[in-house]
Amino acid sequence: MCHERTRLTRNFTVLDNALLQHKGLDGVAIGVGAYIASLPEGTAVDIKTLSHELDLGRTTVAKALNALEAHGYLRRTVIRTPDGRVATHTVFCHRPAQNRPPADRPARRRIPTPPPDPTPSPPDPAPSPPAPAPSPPDADPTPPPASRTATPPRRPLPPVPSPGFPARELLRSALHVLIGLRETDPRLYCSEADAEHLTPGVAAWLERGVSPETIRHALTAGLSTTPIHHPAALLAHRLAAQLPPAPPLSAPSPNPHPSPPPPTPTPSTTANPATSASEPPTPPPAPPAATPTPTPPSPHTTTNSPLAADESATT
């Protein structure tokens, strides 16, 4: 057997286990006693009213009240009201006198003895009277003061996810999201130590592409109206339990600047495919020969010149 406990803040009753597990009371008496303990003061608890509220017979209710009174949980006295009527005044004892632990005897206070005078007194020549017999030691000495109860250590917060690359700007944005939760719900106030523990968890959400508005909605949606006693533990649990999956890795992008293909050699001449295999390649044309520069004829050796003709004619 296990308990699923819930912290109650209103409309509840504290009952002693001595009543709920009493060996001398049956289940009806225990139930009637628990019902009476849950009622506010001034409520009528007579046999007729209890029989109607609990849907039990009057004989059964009367027997249960008598059993509670026999074990000290109920005291009923007959009183006279100011208008002259006779009524029964009922007092319910949550812990009867016989079930209470014995009260501790108060510790005896010891009167402190004044310290002796440090100034030495002159010796008394007269004989001193015999010293009285020493008193027996105190059987009940004053107990030493109880040490102050140490504050129990605080339970550690649940672990939170961590980002893959905790950059400074990413952690700063996560801290802003965490601080802004108090504006949505004032109950989600976190101390500096809590914020230092929770900031990596919010950063892990931001790293996975979740917007701050989505994170704020995931951490504040569906909260109950009861007081939140450990807001940091609640936020740590939600950050770890509702962590979204990481986005899939994208395929590598093609090279935006491909290298140009190698140039194709251009043939110098167009050859016939049928004869290109047997005929040798045509050699390139030779450069044109230089034109000779004419040499002027000599007047003494050239016979066909006009000067030679005139000389022959005169002779």
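Residues numbered from 1 in each chain as written. Predicted model: local features only at pLDDT ≥ 70, side-chain atom pairs only at ≥ 80, totals over all residues. Heavy atoms only, no water.

## A look at unusual backbone geometry
Positive phi, normally seen in glycine, also occurs at Asn11, with a value near 55°. Topologically, Asn11 is positioned in the segment before α1 (17–20). For Asn11, a relative accessible area of 83% gives the class exposed. Of note in this structure, Asp55 is not a glycine but carries a positive phi near 55°. According to the relative accessible area criterion, Asp55 is exposed, its value standing at 70%. (Helix = DSSP H or I, 4+ residues; strand = E, 2+ residues; numbered from the N terminus. Buried < 20%, exposed > 50% of the residue type's maximum accessible area, 1.4 Å probe, protein only.)

## Quick notes on the packing of helix α7 (residues 192–207) against helix α9 (residues 231–241)
Two quantities define a packed helix pair, namely the angle between the helix axes and the distance between the axes. Where α7 contacts α9, the two axes come as close as 10 Å, and the packing angle between them is 20°. In terms of orientation, α7 lies roughly parallel with respect to α9. The handedness of the crossing between α7 and α9 comes out as left-handed. Only Ala232, Leu235, Ala236, Arg238 and Leu239 of α9 make contact with α7, whose side of the interface consists of Asp194, Leu198, Gly201, Val202 and Trp205. For the contact of α7 with α9, the class distribution of residues is 7 nonpolar, 1 polar and 2 charged. (Axes fitted to C-alpha atoms, helices over the stretch in contact; angles between N-to-C directions. Parallel < 35°, antiparallel > 145°, perpendicular 65-115°, else oblique. Left-handed = near helix turned anticlockwise from the far one by under 90°. Contact = heavy atoms within 4.5 Å. Nonpolar A, V, L, I, M, F, W, Y, C, P; charged D, E, K, R; others polar.)

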